[in-house]
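Residue-level listing of the chains:
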2 protein chains.
Amino acid sequence: MRQFEGGVTAAAGFQAAGVEAAIKYKDRKDMALVYSEVPCVAAGTFTTNVVKAAPVVWDRKLVEESPFVQAVVVNSGIANACTGKQGMDCCRAESACAGELLGVPAEAVLVASTGVIGMQLPLERLQEGIRKLAAGKADGPEAGMDAARAIMTTDTVPKQTAVEFELGGRKVTIGGMCKGSGMIHPNMCTMLGFLTTDVKISKEMLQKALREDVVDSFNMVSVDGDTSTNDTLILMANGLGGNEEIVSPGEDYDTFCRALHMVTVSLARMMAGDGEGATALIEAKVVGAATKEDARTLAKSVICSSLTKAAVFGHDANFGRILCALGYSGAKFDPENLDLYFQGKSGSIHIFGGGVSCGYSEEEAARILSDPEVTILAHMHMGGEEAVAWGCDLSYDYVRINADYRS
Amino acid sequence: MRQFEGGVTAAAGFQAAGVEAAIKYKDRKDMALVYSEVPCVAAGTFTTNVVKAAPVVWDRKLVEESPFVQAVVVNSGIANACTGKQGMDCCRAESACAGELLGVPAEAVLVASTGVIGMQLPLERLQEGIRKLAAGKADGPEAGMDAARAIMTTDTVPKQTAVEFELGGRKVTIGGMCKGSGMIHPNMCTMLGFLTTDVKISKEMLQKALREDVVDSFNMVSVDGDTSTNDTLILMANGLGGNEEIVSPGEDYDTFCRALHMVTVSLARMMAGDGEGATALIEAKVVGAATKEDARTLAKSVICSSLTKAAVFGHDANFGRILCALGYSGAKFDPENLDLYFQGKSGSIHIFGGGVSCGYSEEEAARILSDPEVTILAHMHMGGEEAVAWGCDLSYDYVRINADYRS
């Protein structure tokens, strides 16, 4: 397996575009298109929030009911959430407009939105944007990067990656892009993500692979504990890779899942590291947990702790906050029999064990906590299960960004 | 019922003291004593965190097993949490020292600590502090205020109140003090709180009253979602009020519970409003919920949302974040049939209804959100239950305080 720079256009037969449509932002790309030259089977996972944005309702229906999809239209700036009937009408109009221009059925066009909740989308500007997207779509890495830039909101960098691997002697690819970076919390995919592959695979196996993957990838990311109304992860497979179709579990399916996980974990880490205001990616790794669910719960609890996040921002080895977060997670363990380590590029340090502080060097701990990627490793000594979660520190900029998001 | 300025010394027969003991802070009071001239029955509720500070373990045992208690010794600065056997030995030594000096059994002395996790307490300075407390204890409001000041950590103001009421023609009183102000989250009492009363009541009824009260008072407060290792709420009743002893449910018990709730809700609001870095108290009021538990869950979810908190700090009427927080709470409701209002001293404004924005004035909304106390009112139209939760906004100062707490 080879991971490389690339995104939604990395797999055979996929095109993309990113254009300026002035939906809400000025002077930047704010609409994206992902398009397959041939029909795709599609899988999707969506927000668990009771308040679902109109595109989430629309896409879930299409993914469930349409045998094939062929395009996704995305806008940033306005989320089309809490917009009532007008919001649903807008989704329908977007799909119809794009379907007509792309020469595919309206039911083959997914839509997605991200941005401010409660505002209506400007339909005419959307339609004008769709016209530009359809006219400008292209294959190649530049088009993929344009799309990755267009879906950003408070993200500071575009996020994409791709993996090439072999199935039955045929070279195949999975690529993808996603955007964060606030209102991000484990409970479904917590963001917008679009994955494309030329692997030939049945819709059932595609959905199974995606559903099982997110539990240990996107669902293990938290920036701020707020599960968005718009979380959407779409995986489209157009079958142009020429492998024997994957229709049941087996070696090919496992290979596909490994490649998929490489893409999703990379994107999940990018999203956490580019959380609003973040200066560091925090990785919480829990080993020796009694159950897999305990391991996930413990790792997520550390990632979500505001006090732990603020301590990492201050490069302060305040391990009590981590113990506290493990303790209120709901998982059972013995605090007297727990080992805690900080790890970074600058080294590894044993912080806590046998129920007390290890008498470590504060300078060394502060140096590790100054790394751009910090791992908090907790060995629970309760069993053999492990899990990893990703988050970021809590900085002044998170407050600045969110105290003034709409202006 | 008459609420008045007063604290742990408001009820008959209670004395208090606050002294400088240099436990960790310099040049400020950091140890407190609450003492009853006669033995008390005591009730307590404690943190649900798996990682429990030594004083929590110690006090829970005493409250359960000792028929009477007569004093509480508190220090701020160091939490005596994650301190192993040495931490438990320290609790035992504190109780023994105070018992000897106060002439009461060691098992009648509760202890409590708040501050940095993972550091050992300096036992000699503690014992010197206890000597000063025992020598300086006094009745009257000044002594109560000294104690309320001594238990503060990042609190900016001392927190205390008292309520006078009648039981069977006898004037009786409940008073109390508490401290926040970070690591505050609903799951038991989320702070240190000490309540005293001269009401004559059995230990069983006292424990029942306290346990049932916190569900809608201290457990409805959140500052940062972090449930502390040290949360402790103690209620001591010395029976000097001369009322007929409350030994079963009935009118007197109900009156007692109403007075208790007036004290606990006042303290809970003070704690929320003085959350770390807070510029505003946020009250989330949910009405028309299907069940009481739904109402509590929805109200807490709004209070805990970092994005909602940051929006209030920015005086930004970003109601989408509130809908989002209601939506991921876990409670079921229909977003199309929900009314949302902002209320403050400056007025009341209908923000959202019928699934869409109400087209309110942004200026008016910003004015309300600039009030020091902001109420977010959500009518769910699902039933007749309601609940209130209290929190605060998320400011730059929260980050500043917590990025640098130990230095």
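On a predicted model such as this, the values are computed, not experimentally measured, just so you know.

Trainee: I tried to follow the packing of aromatic side chains on my own but got confused; where do I start?
Mentor: For any pair of aromatic rings, the description consists of the separation of the ring centres together with the inter-plane angle of the planes. All told, the structure shown has seven aromatic pairs over all chains when counted by the stated rule. Judged by centre distance (5.4 Å) and plane angle (40 degrees), the ring pair of Phe319(A) and Phe352(A) falls under tilted. Taken as a pair, Phe319(A) in helix 9 (residues 319-327) and Phe352(A) in strand 12 (residues 347-353) lie far apart in primary sequence, 33 residues in all. Across this residue pair, the class does not change: Phe319(A) and Phe352(A) are buried. Arranged with centres 6.5 Å apart and planes meeting at 45 degrees, the rings of Tyr396(A) and Tyr396(B) form a pair that is tilted. Placement of the pair is Tyr396(A) in helix 11 (residues 396-403) and Tyr396(B) in helix 11 (residues 396-403), with the two residues belonging to separate chains. Ring pairs connect the aromatic residues Phe313(A), Tyr396(A), Phe313(B) and Tyr396(B), which therefore count as one cluster. Sitting over the face of the ring of Phe4(A), Arg2(A) holds its NZ or CZ atom 4.6 Å from the ring centroid. Lying across the ring of Tyr35(B), Lys137(B) places its NZ or CZ 4.9 Å from the centre.

Trainee: Can you help me understand the side chain of Asp294(A) in this one?
Mentor: All names here are of chain A. Its location among the elements puts aspartate 294 in helix 7 (residues 292-304). This buried residue, aspartate 294, is left without a salt bridge; lysine 332 holds the nearest opposite charge, at 8.9 Å. Once residues within four sequence positions are removed from consideration, aspartate 294 is found in contact with Ala289, Ala331 and Lys332.

Trainee: Would you explain the nonpolar core in this entry?
Mentor: If you look at soluble globular proteins, the nonpolar side chains tend to sit buried side by side. If you look at the biggest cluster of nonpolar residues, it comprises 112 residues, and the most contacted ones within it are Phe194(A), Phe165(B), Phe256(B), Leu326(B), Leu340(B) and Phe342(B). Considering each element in turn, this core owes the most residues, 10 residues, to helix 6 (residues 251-273) of chain B. Once you skip the residues sitting within four places of it in the chain, Leu326(B) turns out to touch Leu298(B), Val302(B), Phe333(B), Leu338(B), Leu340(B) and Ala378(B).

Trainee: Please explain the interface of chain A and chain B as it appears in this structure.
Mentor: Of the residues lining the interface, 54 residues belong to chain A; the matching set on chain B comes to 54 residues. A buried area of about 4200 Å², summed over both sides, lies between chain A and chain B, and 60% of it is on carbon and sulfur atoms. Put simply, chain A and chain B have seven residue pairs in polar contact (both at pLDDT 80 or more) between them. Broken down by class, the residue content of the side of chain A that touches chain B amounts to 26 nonpolar, 19 polar and nine charged.

Trainee: Explain the packing of helix 7 of chain A against helix 9 of chain A here, please?
Mentor: Residues and elements named next belong to chain A. Two elements in contact, helix 7 and helix 9, have axes whose closest approach is 8 Å; the angle formed by their N-to-C orientations is 135 degrees. Between helix 7 and helix 9, the interaxial angle falls into the category oblique. Crossing hand, helix 7 versus helix 9: right-handed. In this structure, helix 7 contributes Leu298, Ser301 and Val302 to the contact, and helix 9 contributes Ile322, Ala325 and Leu326. Looking at side-chain class alone, the contact of helix 7 with helix 9 contains five nonpolar, one polar and no charged residues.

Trainee: Mind showing me how you'd approach the relation of the copies chain A and chain B here?
Mentor: Look at the two chain copies: a rotation about an axis and a shift along it is all it takes to match them. Of the two same-sequence chains, chain A is brought onto chain B (RMSD 0.0 Å, axial shift 0.0 Å) by a rotation of 180 degrees. Taken together, the rotation angle and the small translation identify this as a two-fold axis. In terms of C-alpha distance to the rotation axis, chain A has Tyr396(A) as its closest residue, with the C-alpha 2.7 Å off the axis. Same-surface contact between copies: 100% of interface residues of chain A are shared with the interface of chain B.

Trainee: Which parts of the structure should I look at to understand the sheet that holds strand 12 of chain A?
Mentor: Paired through backbone hydrogen bonds, the strands of a sheet run either parallel or antiparallel to each other. Residues and elements named next belong to chain A. Taking strand neighbours across the sheet as the criterion, the six strands line up as 13-12-11-14-10-15 in an open arrangement whose pairing is mixed. On the outer flanks of this sheet lie strand 13 (356-357) and strand 15 (385-392), each paired with one strand and no other. Bridging between strand 12 and strand 13 involves two bridges; their strand directions are antiparallel. Note that in strand 13 the partner of phenylalanine 352 across the bridge is serine 357.

The rules behind the values
Residues numbered from 1 in each chain as written. Chains lettered and ligands numbered in written order. Predicted model: local features only at pLDDT ≥ 70, side-chain atom pairs only at ≥ 80, totals over all residues. Heavy atoms only, no water. Phe/Tyr/Trp six-rings, centres within 6.5 Å; stacked < 30°, edge-to-face > 60°. Helix = DSSP H or I, 4+ residues; strand = E, 2+ residues; numbered from the N terminus. Buried < 20%, exposed > 50% of the residue type's maximum accessible area, 1.4 Å probe, protein only. Lys NZ or Arg CZ within 6 Å of the ring centre and 35° of its normal. Lys, Arg positive; Asp, Glu negative; His and termini not counted. Salt bridge = Lys/Arg side-chain N within 4 Å of Asp/Glu carboxyl O. Contact = heavy atoms within 4.5 Å. Core = buried A, V, L, I, M, F, W, Y, C linked by side-chain atoms within 4.5 Å. Buried area = accessible area lost by both parts, 1.4 Å probe. Polar contact = N/O pair within 3.5 Å; in protein donor to acceptor, adjacent residues only side chain to side chain. Nonpolar A, V, L, I, M, F, W, Y, C, P; charged D, E, K, R; others polar. Axes fitted to C-alpha atoms, helices over the stretch in contact; angles between N-to-C directions. Parallel < 35°, antiparallel > 145°, perpendicular 65-115°, else oblique. Left-handed = near helix turned anticlockwise from the far one by under 90°. Least-squares fit on C-alpha atoms with pLDDT ≥ 70 in both. Pairing = 2+ DSSP bridges.

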